[in-house]
Number of protein chains: 4
Amino acid sequence: MAPDPTTPKAAAATRWATDLTYIEPNKILLRGYPLDELMGRVHFGEAIYLLLTGDLPSPSIGRLMDAMLVSFIDHGATPPPTMAARNAATTGASMRGCVAAGILGFGKYYGGDTLACRQRIDEGLAIARTGKSLADAATEVAEQLVLAGDIPPPGFGHRFHTRDPRAVRLLQIAHELEVDHEYTQFVRALEHALARHPALQGRTLPINIDGAVAAICGDVGLPPEVADALLIISRVPGLAAHAMEEQRRESPMRAIDPSGYTYDGPTERRVPDRRK
Amino acid sequence: MAPDPTTPKAAAATRWATDLTYIEPNKILLRGYPLDELMGRVHFGEAIYLLLTGDLPSPSIGRLMDAMLVSFIDHGATPPPTMAARNAATTGASMRGCVAAGILGFGKYYGGDTLACRQRIDEGLAIARTGKSLADAATEVAEQLVLAGDIPPPGFGHRFHTRDPRAVRLLQIAHELEVDHEYTQFVRALEHALARHPALQGRTLPINIDGAVAAICGDVGLPPEVADALLIISRVPGLAAHAMEEQRRESPMRAIDPSGYTYDGPTERRVPDRRK
Amino acid sequence: MAPDPTTPKAAAATRWATDLTYIEPNKILLRGYPLDELMGRVHFGEAIYLLLTGDLPSPSIGRLMDAMLVSFIDHGATPPPTMAARNAATTGASMRGCVAAGILGFGKYYGGDTLACRQRIDEGLAIARTGKSLADAATEVAEQLVLAGDIPPPGFGHRFHTRDPRAVRLLQIAHELEVDHEYTQFVRALEHALARHPALQGRTLPINIDGAVAAICGDVGLPPEVADALLIISRVPGLAAHAMEEQRRESPMRAIDPSGYTYDGPTERRVPDRRK
Amino acid sequence: MAPDPTTPKAAAATRWATDLTYIEPNKILLRGYPLDELMGRVHFGEAIYLLLTGDLPSPSIGRLMDAMLVSFIDHGATPPPTMAARNAATTGASMRGCVAAGILGFGKYYGGDTLACRQRIDEGLAIARTGKSLADAATEVAEQLVLAGDIPPPGFGHRFHTRDPRAVRLLQIAHELEVDHEYTQFVRALEHALARHPALQGRTLPINIDGAVAAICGDVGLPPEVADALLIISRVPGLAAHAMEEQRRESPMRAIDPSGYTYDGPTERRVPDRRK
């Protein structure tokens with residue numbers, strides 16, 4: 001049979017380029033830095049920033065990265081992605097299969113609000129640039145959201161928390177590090193506008209962790225896709241921990257009721273002072 | 001139709017427990033620590049260690065965690081998991097789908113050697129505990145590996161590097177931090193035994209990154225499953241970065257030849273001194 | 001520590017219902033039919049239709065289901081989902097991991113056009129219902145597609161075939177079975193309108209398999225999500241076959257160039273006549 | 001920077017071959033048969049057999065394929081893979097993400113017994129070939145399984161059914177079609193040996209669907225990996241149906257209790273007689 005005609009056509013398309021990592025025998029450069037020199041000198045969060053953006057972060061941005069990554073590392077046993085990972089684990093599936101199943105449990109209603117929230121902020125800031133105050137721009141965006149029935153809006157409200165402690169702390173850290181600018185100011189303005197909107201009386205729609213991450217990533221100049229990636233990266237340890245716990249503590253092939261569990265870990269304790 | 005008979009049977013099995021994360025409205029405790037207090041105080045690597053093991057690491061172990069996580073963050077454009085992620089990305093798949101596809105590209109020949117390597121080390125140390133020297137135990141294990149045709153052995157050799165710079169540096173850091181004990185000593189002994197084995201003359205079988213991670217996790221008391229999880233966690237940023245680059249730089253639906261690319265990122269540069 | 005407060009809240013939400021499959025010990029009813037009675041009496045394609053729609057298909061619709069499922073079963077070694085599956089396979093990953101990686105390689109540019117194409121047809125038919133001819137409605141939709149830069153439109157054109165043999169045959173079978181109605185007529189009208197559009201001279205934009213499946217599913221009353229599911233279901237055997245071949249014929253950890261292969265299977269042969 | 005040194009090395013490895021599907025513009029050959037000629041002439045089950053084995057099945061084997069594929073198409077709402085798919089669906093994930101998450105929920109305790117069961121049968125048949133009766137060989141294998149603590153053995157017993165109706169019917173169909181030979185005879189002999197074993201009194205360990213599929217695939221000459229693939233292929237429609245039902249009938253982000261549902265579909269009904 002004649003040579004497959006896909007060959008010449010496809011071949012023409014195969015020259016491509018990457019600027020992430022250079023490899024030659026016994027040498028690995030991550031964005032130009034020798035990987036073995038980075039080891040022991042930068043934290044994982046700084047290396048993640050370097051890989052996703054092309055440069056090492058400033059110390060402030062590095063601390064912010066760590067705070068964002070820590071904030072989303074786990075949210076207990078019941079979120080659907082965690083249940084997906086545990087349902088894979090109970091059949092004896094591999095760690096990688098459980099983690100992948102968990103990641104596939106991110107959808108537009110879970111961990112998927114960052115891109116949409118960023119878009120709303122961009123729209124609000126565009127309105128503000130026409131000469132309006134952030135408060136007026138936020139009122140306008142709130143009105144659009146109500147009219148479109150887009151309530152809760154992406155980045156606001158939480159099915160469980162009335163005040164998302166991760167969002168509060170993340171915005172506080174950004175403020176301390178003086179990296180909160182117009183994106184953060186706009187989400188705060190939008191939170192107020194939603195609280196004052198006549199159609200939303202009785203609703204509690206505080207900034208949630210997706211909204212805080214979207215705003216802060218905007219203020220520090222990270223593209224929307226990076227914010228999206230950060231949420232996935234940060235939750236992988238949580239998915240792995242639940243898969244490991246499922247296989248270590250429970251018997252195989254059990255029916256997993258997300259509301260049938262108790263917490264039997266350590267009671268509340270203080271973070272040791274020696275930590276930076 | 002009568003109520004489904006699965007109900008009573010399954011219900012009996014649903015009480016279960018978790019000791020990872022406690023959630024109540026407006027409060028999240030990670031292994032007992034308020035998550036918002038951890039934010040800004042611990043690095044992501046420390047939080048990963050806390051979640052996977054139950055305690056915050058000592059400063060030395062914290063630095064080792066970061067070094068292990070950084071070491072495996074990316075290995076260029078060509079490893080099969082990266083190609084799996086890029087092939088998903090070229091069809092316009094979502095970030096989460098690309099990352100999950102990449103994780104599924106970990107198999108026994110890629111990122112899968114940690115568990116098997118740990119088992120070989122445990123066998124070697126068991127022999128040593130019968131009164132033999134580590135060198136003699138390593139010679140015995142090398143002989144078994146050759147007889148079983150298990151060459152390259154898990155944790156040794158690399159299809160590309162003759163001296164894996166990540167493994168060298170990781171073992172050096174462990175030594176500086178004084179956490180290298182019998183597991184590390186045994187993999188070094190096994191590396192020598194393999195080099196001296198008559199049947200392996202002409203083969204280069206240095207300790208690779210899987211072997212170094214397996215040994216160090218053994219020495220610091222981490223269970224084998226944690227080492228397995230660490231490799232997956234550490235590569236997720238790399239998979240995300242390649243998926244993003246594919247969608248940003250290349251046209252959709254291209255045939256991706258793993259050997260058809262050039263690197264066009266920054267040339268080699270030094271890690272700034274200010275870093276710890 | 002007090003019982004987890006998620007319990008009562010979550011419990012209230014847990015009553016739910018399914019009308020797909022009833023299970024009791026030693027009995028399984030698929031949409032009401034005993035599964036063991038279906039075995040040996042219905043084809044897999046008929047059982048798929050039953051499960052997805054609630055009823056067994058008529059003989060004509062059953063044959064159409066089989067034709068749709070067969071049409072998309074494989075498309076050679078190079079499509080990105082197949083490459084994702086093969087890249088997982090070369091690392092020694094499990095069959096289920098390879099197949100899942102392949103499915104994740106479906107994106108908006110591959111196997112993802114069915115939903116968008118159905119929407120365009122629905123818009124065209126809505127225009128026709130205002131009293132216009134299908135030809136005029138198609139001309140209007142073609143104009144919108146050109147203005148929106150949505151070229152090639154979902155369901156039209158193919159990166160490889162100038163005349164997709166699967167689409168041609170599927171539409172022919174639908175015609176023979178007399179199940180081609182306004183959806184099919186509209187995609188044909190749109191194909192003509194695209195061919196006549198001044199801005200698209202020199203472009204070849206024939207109905208492709210996604211477009212044919214979208215139209216026929218519309219004409220036989222299947223919801224858009226079912227068409228989406230059918231494409232995934234139908235390709236799983238192809239992904240499995242490529243993963244098996246990769247692990248049987250090739251050495252592990254190879255760099256897989258999608259344009260570097262030759263076909264060495266049987267030369268062209270006729271389908272035996274005895275088949276229905 | 002010098003050209004990436006991976007290029008020449010990798011390039012040498014890229015010539016490879018496939019014998020599954022030949023593609024040229026406007027032509028697709030599946031194992032040599034024009035795909036468009038197969039459409040309308042062969043059932044999906046026959047096309048799956050053709051793709052996985054290289055030849056069209058005989059009419060008997062074709063019917064057996066359909067029976068195996070139908071047997072595993074769904075098993076209600078509660079199996080862990082189905083729960084994984086539903087947990088992805090409740091977050092608004094895409095159909096392909098839900099199905100992939102479900103497939104990742106196959107593990108050694110679910111859908112993973114086929115390979116291990118086939119191995120036990122092969123061992124039993126090897127014993128029989130030394131001159132022993134199948135009954136004696138089965139008694140020996142049963143003894144080994146009890147000693148190894150491998151109870152329930154792969155392919156036997158079910159957490160829910162005391163007599164798996166799918167296995168019973170599949171073995172009956174194989175008998176009617178006269179394709180049940182030594183593999184099937186051995187699993188029957190092993191079922192009896194397990195029932196008579198003194199250490200297993202009070203246990204019910206009937207042949208389950210995994211065991212029946214493993215045996216029949218052995219008797220008709222299918223490699224073990226094909227049996228493994230068949231179970232995955234056959235369940236994909238079930239996973240898709242549950243994901244669709246979850247998104248159509250339930251509200252997003254719900255806690256899904258596997259034992260909290262009722263069946264509200266059609267009551268038991270007879271399969272229409274006109275079916276072959």
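Residue numbers here run from 1 along each chain, matching the order of that chain's written sequence. Chains and ligands are labelled by the order in which they are written, letters from A for the one and numbers from 1 for the other. The predicted nature of this model means local features are confined to residues of pLDDT at least 70 and side-chain atom pairs, given and counted, to a pLDDT of 80 or more, with totals for whole chains, interfaces and linings taken over all residues. As a convention, hydrogens and water are excluded, and side-chain values are obtained from all of the structure's heavy atoms.

### Some points on the pattern of salt bridges
How we decide: We count a salt bridge whenever a side-chain nitrogen from Lys or Arg sits within 4 Å of a carboxyl oxygen from Asp or Glu. Summary of the burial criterion: residues with accessible area below 20% of their type's maximum are buried, those above 50% are exposed, and those between are partly exposed, where the area comes from a 1.4 Å probe applied to protein chains only.
Counted according to the given criterion, the structure contains 72 salt bridges over all chains. Put simply, K132 of chain B and E140 of chain B hold a salt bridge, and the shortest N to O gap is 2.6 Å. K132 of chain B gets classed as partly exposed once you look at its relative accessible area, which sits at 40%. Here R254 of chain B makes a salt bridge to E246 of chain B, at a shortest N to O gap of 2.7 Å. Just as R254 of chain B is buried, E246 of chain B falls in that class too. Because the salt bridges share partners, they merge into one network encompassing D19 and R31 of chain A together with R86, E245, E246, R249, E250, R254 and D264 of chain B.

### Things to note about the confidence of the model for chain A
All names here are of chain A. Cut-off, in case you're wondering: Per residue, pLDDT measures the predictor's confidence, with a range of 0 to 100. In what follows, a contact means two residues having at least one pair of non-hydrogen atoms within 4.5 Å.
Considering every residue of chain A, the mean pLDDT works out to 92; 94% of them sit at 70 or more. The low-confidence segment residues 1-12, where pLDDT is below 50, has 23 contacts with residues more than four positions distant or belonging to other chains. In the predicted complex, the global pTM is 0.93; the interface-specific ipTM is 0.94.

### What to know about the interface of chain B and chain A
What counts here: Buried area adds together the accessible area that both of two parts lose upon being put together, with accessible area traced by a 1.4 Å probe. Counted as a polar contact is a pair of N or O atoms within 3.5 Å, where, for protein atoms, one must be capable of donating a hydrogen and the other of accepting one, and residues adjacent in sequence contribute only when both atoms are in side chains. Residue polarity is assigned by list, with Asp, Glu, Lys and Arg as charged and Ala, Val, Leu, Ile, Met, Phe, Trp, Tyr, Cys and Pro as nonpolar; anything else, Gly included, falls into the polar class. Paired strands are those between which DSSP finds at least two bridges. A run of DSSP states H or I qualifies as a helix once it reaches four residues; a run of E qualifies as a strand once it reaches two. Both are numbered from the N-terminal end.
Opposite the 115 residues of chain B that make contact, chain A presents 116 residues. When the two sides are added together, the surface that chain B and chain A hide from each other amounts to roughly 10700 Å², 64% of it contributed by carbon and sulfur. A per-residue breakdown of the area chain B buries against chain A is headed by W16, F44 and R96 of chain B, which together make up 9% of the total. For the interface between chain B and chain A, the tally reads 10 salt bridges. Joining chain B to chain A, the criterion identifies 49 residue pairs in polar contact (both at pLDDT 80 or more). Partitioned by chemical class, the residues of the side of chain B that touches chain A number 58 nonpolar, 24 polar and 33 charged. Taken together, the three bridges between strand β5 (residues 261-263) of chain A and strand β1 (residues 16-18) of chain B define a ladder with parallel strand orientation. For Y261 of chain A, the partnering residue across the bridge sits in β1 of chain B and is W16 of chain B.

### Quick notes on the relation of the copies chain B and chain A
Rule in force here: Least squares is used to superpose the copies, and the fit set is the C-alpha atoms of residues whose pLDDT is at least 70 in both copies.
Laying chain B over chain A is done by rotating through 180° and shifting 0.0 Å along the axis; what remains is an RMSD of 0.0 Å. Taken together, the rotation angle and the small translation identify this as a two-fold axis. Identified as the residue of chain B closest to the rotation axis by C-alpha distance is A100 of chain B, at 2.3 Å. When the interface residues of chain B are mapped onto chain A, 100% of them again lie at the interface, so the same face is used by both copies.

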